[in-house]
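Read off the chains here:
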Amino acid sequence: MCGFTGTPENKTQPRAVWDRCGAWAKNLDCPELLPVYLASCISIRKRYEGMSAGKAINVRNKVSDLQSKLSHAAKQSLDRRFGALYDKIYREDVLLEAWKRVRANKGAPGVDEQDFQYIEEVIGIDEFLAEIRQELKSDRYRPQPVLRCYIDKPGKPDKRPLGIPVIKDRVCQMASKLVIEPLFEANFLDCSHGFRPGRSAHDAIRIIDKTITFKGQTIVIDADITGFFDNIRQDILMTLVEHRIADPRVLKLIRMWLEAGVMEDGKYIDPDGLGTPQGGVISPLLSNIYLHSFDRMFQMSGIPGTLVRYADDFVVLLWRNGNEVVKQVEQMLGRLGLRLHPDKTRVVRAGDGFDFLGVHFRLCPVRRQNARLRQYCALWPSDRSIERIKQRIRTLIGRRYSLSLEQLVVELSPVIRGWNNYHKAARPVLKRLKKLNAFVRERLRIFLKRKYSDQSRGTWRVQNNLVVRLGLYQFG
């Protein structure tokens with residue numbers, strides 16, 4: 001018998017210690033010890049996991065409580081300016097929650113080329129956050145320039161500029177956003193839906209649907225702001241931020257992000273007092289603060305219509321006088337240094353249809369007899385949205401002939417599910433979604449025909465709903 005009969009009861013010891021104990025136990029000629037060791041390891045693992053989960057929940061609760069208190073105070077007085085916010089930004093629980101959210105968003109590295117894997121494996125998360133906290137606390141924090149890159153605009157030939165901050169700056173921006181967002185949320189109007197907690201694109205879609213169907217506002221201003229993120233006047237933006245924030249260190253922090261500059265093709269570009277980097281964590285909040293003034297101007301103008309805005313995209317639903325309202329909207333945006341795109345902004349009738357947030361809206365007659373409504377707003381995916389998902393499927397299948405049909409099904413299903421869930425939540429005309437199933441089946445037929453050099457059409461390779469039986473997610 002082996003002399004060791006105890007169990008590892010100290011839950012603070014590292015798991016690696018007990019792994020070494022396990023290896024030692026296996027080398028001994030005492031098999032009766034192994035069940036005791038395994039039971040002890042399971043107990044310790046549960047304790048560790050319980051501690052980790054409890055700590056994570058506790059952090060979320062603390063941050064949530066802080067946001068609730070700030071939101072409650074902001075709602076009590078819509079004109080109150082808040083000071084003493086800076087110390088809340090570098091709180092350990094706020095920085096940890098900011099890191100988790102930034103990590104979940106993934107993203108490419110910035111100008112320092114440090115990615116998440118490098119921070120986790122080389123620097124260490126605790127050391128990384130401790131360094132940020134110390135820099136913020138001692139006022140030594142300085143943001144680095146954002147990395148300029150360009151991505152394709154879906155369905156358009158031109159490119160969209162993106163500014164990628166380094167991960168340290170993203171964590172600081174997220175921590176600031178967690179603290180100051182509740183203050184501005186108390187003031188934001190119900191017409192704004194983009195990048196706001198508890199709101200989504202589907203809320204905007206439902207409001208448009210109900211407004212056209214039940215209110216009969218069938219004159220639509222489909223608006224487009226020219227280069228919104230590049231034309232935000234930073235002086236106006238900071239004035240709007242100061243309406244709610246009085247802490248000079250928080251204002252300095254936001255100003256530093258706006259004036260950080262851009263690194264493009266290895267060359268540093270000085271800030272010119274215009275724009276906010278599209279791609280920064282705090283940019284959506286700053287854009288909502290900026291356009292909140294437009295929301296207020298529209299509300300106070302007395303225009304008999306409904307404004308629905310999602311970030312910098314918006315539509316105005318009216319009963320009449322569409323062209324006159326366009327001129328009024330141009331004047332409102334002009335006060336913010338913005339203007340409508342002359343070619344992309346148009347006034348249409350709902351019966352002719354228009355696209356917004358990837359959805360096509362069209363006023364259609366009700367064909368059912370004895371119906372209460374004569375017309376209703378029908379929804380289905382826009383042509384551009386359908387073309388995007390088709391191109392995504394073509395690219396995913398490609399000429400990857402080394403893959404089996406089963407492997408392709410596994411890769412295609414999440415893409416189809418994500419696109420389908422977005423559009424299905426808007427309650428579209430389902431038959432238009434289901435037509436895409438034939439497209440996917442045809443692309444897989446062509447793939448298999450070429451893979452096996454089939455001289456026939458290869459229809460037999462996908463017949464009898466083979467791809468469905470393999471688990472391919474279906475549109476609709």
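The model shown is predicted, which means the values in this text are computed figures rather than measured ones.

Draft legend 1. Highlighting the overall build of the protein chain. Along the protein chain, the regular secondary structure elements total 16 helices and 11 strands. Within the span of the protein chain, comprising 476 residues, buried residues form 46% of the whole. In the protein chain, the proportion of contacts linking residues at least 24 apart, taken out of those at least 6 apart, comes to 70%. A total of about 25800 Å² of accessible surface is found on the protein chain, and carbon and sulfur atoms cover 49% of it.

Draft legend 2. The arrangement of the packing of helix α9 (residues 234–242) against helix α10 (residues 248–258) in detail. Orientation of α9 relative to α10, taken along the N-to-C sense of each, is 160°, at an axis distance of 11 Å. By the angle class used here, α9 and α10 are roughly antiparallel. As for how α9 packs across α10, the hand of that crossing is right-handed. Touching Gln234, Leu237, Met238, Val241 and Glu242 of α9 are Leu251, Ile254, Arg255 and Leu258, all from α10. Grouping the constituent residues of the contact of α9 with α10 by class yields 6 nonpolar, 1 polar and 2 charged.

Draft legend 3. Seen up close, a positive patch on the surface. A cluster of basic residues, Arg367, Lys431, Arg432 and Lys435, forms a positive patch on the protein surface. Position of Lys431 among the secondary structure elements: in helix α15 (residues 430–451).

Draft legend 4. The arrangement of the sheet that holds strand β9 (residues 354–356) in detail. If you trace the 3 strands from one edge of the open sheet to the other, you get β9-β10-β11, paired in antiparallel fashion. Because the sheet does not close on itself, it has two edges, and the strands there are β9 and β11 (375–381). With direction set aside, neighbouring strand axes in the sheet form an average angle of 35°. The pairing of β9 with strand β10 (residues 359–365) spans 3 bridges and is classified as antiparallel.

Draft legend 5. Structural context of the pairing of strand β1 (residues 146–152). Pairing of β1 with strand β4 (residues 262–264) involves 2 bridges; the strand directions are parallel. By the bridge assignment for β4, Leu147 is matched with Met263. The sheet contact formed by β1 and strand β2 (residues 159–164) spans 6 bridges and is antiparallel. The residue of β2 that forms the bridge with Arg148 is Gly163.

Draft legend 6. Main features of the packing of aromatic side chains. Inspection of the entire model under this criterion finds 10 aromatic pairs. Each ring, one from Phe354 and one from Phe361, has its centre 5.1 Å from the other, and the planes form 15°; the classification is stacked. Residue classification places Phe361 among the buried residues on the basis of a relative accessible area of 0%. One aromatic cluster is present, formed by Trp99, Phe116 and Phe128 through successive ring pairs. Its end group placed over the ring of Phe439, Lys390 keeps NZ or CZ at 5.2 Å from the ring centre. The ring of Trp380 carries the charged tip of Arg432 above its face, separated from the ring centre by 3.9 Å.

Draft legend 7. Representation of α9. Those residues of α9 lying buried are Gln234, Ile236, Leu237, Met238, Leu240 and Val241. If you follow the buried residues of α9, they end up packed against α7 (167–185), α10 and α11 (283–301).

Draft legend 8. Highlighting the state of the cysteines. For the coordinates displayed, the defined rule picks out 0 disulfides. For Cys377, which is in no disulfide, the shortest distance to another cysteine sulfur is to Cys364 and amounts to 7.7 Å.

Draft legend 9. Main features of the sheet that holds β4. On the basis of which strands lie adjacent, the open sheet formed by 4 strands has the order β2-β1-β4-β5 and mixed pairing. Strands at the two margins of the open sheet, each flanked by one partner only, are β2 and β5 (267–269). Taking the axes of each pair of neighbouring strands and ignoring which way they run, one obtains an average angle of 40° across the sheet.

Draft legend 10. Structural detail: the environment of Phe361. Structurally, Phe361 can be placed in strand β10. Considering only alpha carbons, one finds Phe361 and Pro428, 67 residues apart in sequence, at a separation of 9.6 Å. Those residues in contact with Phe361 that lie beyond four places of it in its chain are Ile205, Ile208, Asp209, Ala350, Gly353, Phe354, Phe356, Cys377, Ala378 and Leu379.

Draft legend 11. The arrangement of the environment of Met174 in detail. When you line up the elements, Met174 lands in helix α7. Placed 73 residues apart in sequence, Met174 and Arg101 show a C-alpha to C-alpha distance of 7.8 Å. Once you skip the residues sitting within four places of it in the chain, Met174 turns out to touch Ala98, Arg101, Val102, Asn105 and Val281.

Conventions adopted
- Residues numbered from 1 in each chain as written.
- Predicted model: local features only at pLDDT ≥ 70, side-chain atom pairs only at ≥ 80, totals over all residues.
- Heavy atoms only, no water.
- Helix = DSSP H or I, 4+ residues; strand = E, 2+ residues; numbered from the N terminus.
- Buried < 20%, exposed > 50% of the residue type's maximum accessible area, 1.4 Å probe, protein only.
- Contact = heavy atoms within 4.5 Å.
- Areas by Shrake-Rupley, 256 points an atom, 1.4 Å probe, with all protein chains shown as cover.
- Axes fitted to C-alpha atoms, helices over the stretch in contact; angles between N-to-C directions.
- Parallel < 35°, antiparallel > 145°, perpendicular 65-115°, else oblique.
- Left-handed = near helix turned anticlockwise from the far one by under 90°.
- Nonpolar A, V, L, I, M, F, W, Y, C, P; charged D, E, K, R; others polar.
- Patch = residues over 30% accessible without salt bridge, like charges linked within 9 Å, V, L, I, M, F, W, Y side chains within 5 Å.
- Salt bridge = Lys/Arg side-chain N within 4 Å of Asp/Glu carboxyl O.
- Lys, Arg positive; Asp, Glu negative; His and termini not counted.
- Charge placed at Lys NZ, Arg CZ, Asp CG, Glu CD.
- Pairing = 2+ DSSP bridges.
- Phe/Tyr/Trp six-rings, centres within 6.5 Å; stacked < 30°, edge-to-face > 60°.
- Lys NZ or Arg CZ within 6 Å of the ring centre and 35° of its normal.
- Disulfide = S-S within 2.5 Å.

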